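# Structure assessment
Chain residues, written in single-letter form:
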Amino acid sequence: MKTSEALKLVGGLSKPSKMPGWAYGLPAKECKTGSNLVKVEGSTCFDCYALKGCYVFKVVQDAQYRRLASIKHDLWTGAMALLINSKKSKVFRWHDSGDVQDEAHLMKIFAVCKLTPETSHWLPLEKRGSNTFCHNALTILL
């Protein structure tokens, strides 16, 4: 697969100005847990930064929804690894906006991490009372 094909398949990467490397963001409006927590004062998601500022621009939203649709693609894992490796970035931030969608998505992210050993991956995970798949997946991998 060519880099240009990988970019098209995954919907592109982002380069947030406050991050030291590349990132991958999904629409914050599609967060399964965050869409509820955004209403809870004091929660991690309350007053979510990814629901304002540059994140609300149409071009950003369009890219995030393309990425969301792409995670079900069979070639997503390989395409993401190819892109991350091509950037030669020492760090990669998963979900500067949005969140892990399900266990299958999380397992794909772990597979990408294994295919990009020269990159340190940052995947913030908050405690999820109703979603045990993150805890279960981490337990399996550790």
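Here, every reference points to the structure presented above.
Residues numbered from 1 in each chain as written. Predicted model: local features only at pLDDT ≥ 70, side-chain atom pairs only at ≥ 80, totals over all residues. Heavy atoms only, no water.

### A short note on the packing of helix α4 (residues 76–87) against helix α5 (residues 103–115)
The following threshold applies: Structural elements are reduced to axes, namely lines fitted to C-alpha atoms, with helices fitted over the stretch in contact, and the angle between N-to-C directions of any two is expressed from 0 to 180 degrees. Starting at the N terminus, helices and strands are each numbered in turn, a helix being any DSSP run of H or I of at least four residues and a strand any DSSP run of E of at least two. If an angle is under 35 degrees, it is roughly parallel; if it is over 145, roughly antiparallel; if it lies from 65 to 115, roughly perpendicular; otherwise it is oblique. The handedness criterion is simple: a crossing whose near helix is rotated anticlockwise from the far helix by less than a right angle is left-handed, and one whose near helix is rotated clockwise is right-handed. When checking whether two residues touch, look at their non-hydrogen atoms; a contact exists if any pair is within 4.5 Å.
Two elements in contact, α4 and α5, have axes separated by 9 Å at closest approach and are oriented at 40 degrees. By the angle between their directions, the pair α4 and α5 is classed as oblique. For the pair α4 and α5, the crossing hand works out as right-handed. Within the contact between the two elements, α4 uses Trp-76, Thr-77, Met-80, Ala-81, Ile-84 and Asn-85 and α5 uses His-105, Lys-108, Ile-109, Ala-111, Val-112 and Leu-115.

### A look at the nonpolar core
Within soluble globular proteins, side chains that are nonpolar generally end up buried alongside one another. For the record, the criterion: Think of a nonpolar core as a cluster: buried Ala, Val, Leu, Ile, Met, Phe, Trp, Tyr and Cys residues, connected wherever their side-chain atoms sit within 4.5 Å. Burial here depends on accessible area, computed with a 1.4 Å probe over protein chains only, as a share of the maximum for the residue type. Under 20% is buried, over 50% is exposed, and the range in between is partly exposed.
One finds Val-10, Tyr-24, Trp-76, Met-80, Phe-92, Trp-94 and Val-112 to be the most contacted residues of the largest nonpolar core, which totals 22 residues. Of all elements in the fold, only α1 (3–10), α4, β2 (91–94) and α5 reach the threshold of two or more residues within this core. Sequence-distant contacts of Met-80, defined by excluding residues within four places in its chain, comprise Val-10, Leu-13, Tyr-24, Phe-92, Trp-94 and Val-112.

### Details of the pattern of salt bridges
Selection rule: Here, a salt bridge means any side-chain nitrogen of Lys or Arg that lies within 4 Å of a carboxyl oxygen of Asp or Glu.
What the rule picks out here adds up to two salt bridges. Put simply, Asp-62 and Lys-58 hold a salt bridge, and the shortest N to O gap is 2.9 Å. You can see Asp-62 and its partner Lys-58 sitting in helix α3 (residues 58–70), four residues apart, about one turn around the helix. Residue Lys-58 is classed as exposed on the basis of its relative accessible area of 61%. Here Lys-72 ties to Asp-102 by a salt bridge, and the two come within 3.1 Å at their closest N and O atoms. Highlighted residues: Lys-72 in the loop between α3 and α4 and Asp-102 in the loop between β2 and α5, separated in sequence by 30 residues. You can call Asp-102 partly exposed: its relative accessible area is 24%.

### Focus: the packing of aromatic side chains
Definition in use: Note on ring pairs: Phe, Tyr and Trp rings are taken, using the six-membered ring of Trp, and paired if centres are within 6.5 Å. Classes follow the plane angle, with under 30 degrees stacked, over 60 edge-to-face and the rest tilted. Either the NZ atom of lysine or the CZ atom of arginine qualifies as a charge over a ring when it sits within 6 Å of the ring centre and within 35 degrees of the ring normal.
For the coordinates displayed, the defined rule picks out four aromatic pairs. With 5.8 Å between their ring centres and 65 degrees between their planes, Tyr-24 and Trp-94 make a pair best called edge-to-face. Here Trp-94 lies in strand β2 and Tyr-24 lies in strand β1 (residues 22–24), a separation of 70 residues in the sequence. In this structure, Tyr-24 and Trp-94 share a single accessibility class: buried. What links up through ring pairs into an aromatic cluster is the set Tyr-24, Trp-76, Phe-92 and Trp-94. Over the face of the ring belonging to Trp-22 we find Lys-15, whose NZ or CZ atom lies 5.6 Å from the ring centre.

### So, α5
For the record, the criterion: Here, expected helix span is obtained from the residue count minus one, scaled by 1.5 Å. Each polar contact in these results corresponds to two N or O atoms within 3.5 Å; when the atoms are within protein, one needs to be able to donate a hydrogen and the other to accept it, and residues that are neighboring in sequence are counted only if both atoms are side-chain atoms.
With 13 residues, α5 extends 19 Å between its outermost C-alpha atoms, agreeing within 8% with the 18 Å of an ideal straight helix rising 1.5 Å per residue. If you check which residues of α5 are buried, you get His-105, Leu-106, Lys-108, Ile-109, Phe-110 and Val-112. Capping of α5 at its N-terminal end is provided by Asp-102; its side-chain oxygen lies 3.2 Å from the backbone amide nitrogen of Ala-104.

### Observations regarding the pairing of β2
The line we're drawing: Here, any two strands with at least 2 DSSP bridges between them count as paired. For crossovers, right-handed means that the path from the first strand over the helix to the second runs clockwise, given strands pointing away from the viewer.
Two strands pair when backbone bridges link them, and β1 and β2 are joined in this way by three bridges, in the parallel orientation. Bridging from a neighbouring strand, Tyr-24 pairs with Trp-94 of β2. For β2 and strand β3 (residues 120–122), the ladder comprises three bridges, and the chain directions are parallel. The residue of β3 that forms the bridge with Val-91 is Ser-120. Viewed along the sheet, the connection from β2 through α5 into β3 turns out right-handed.

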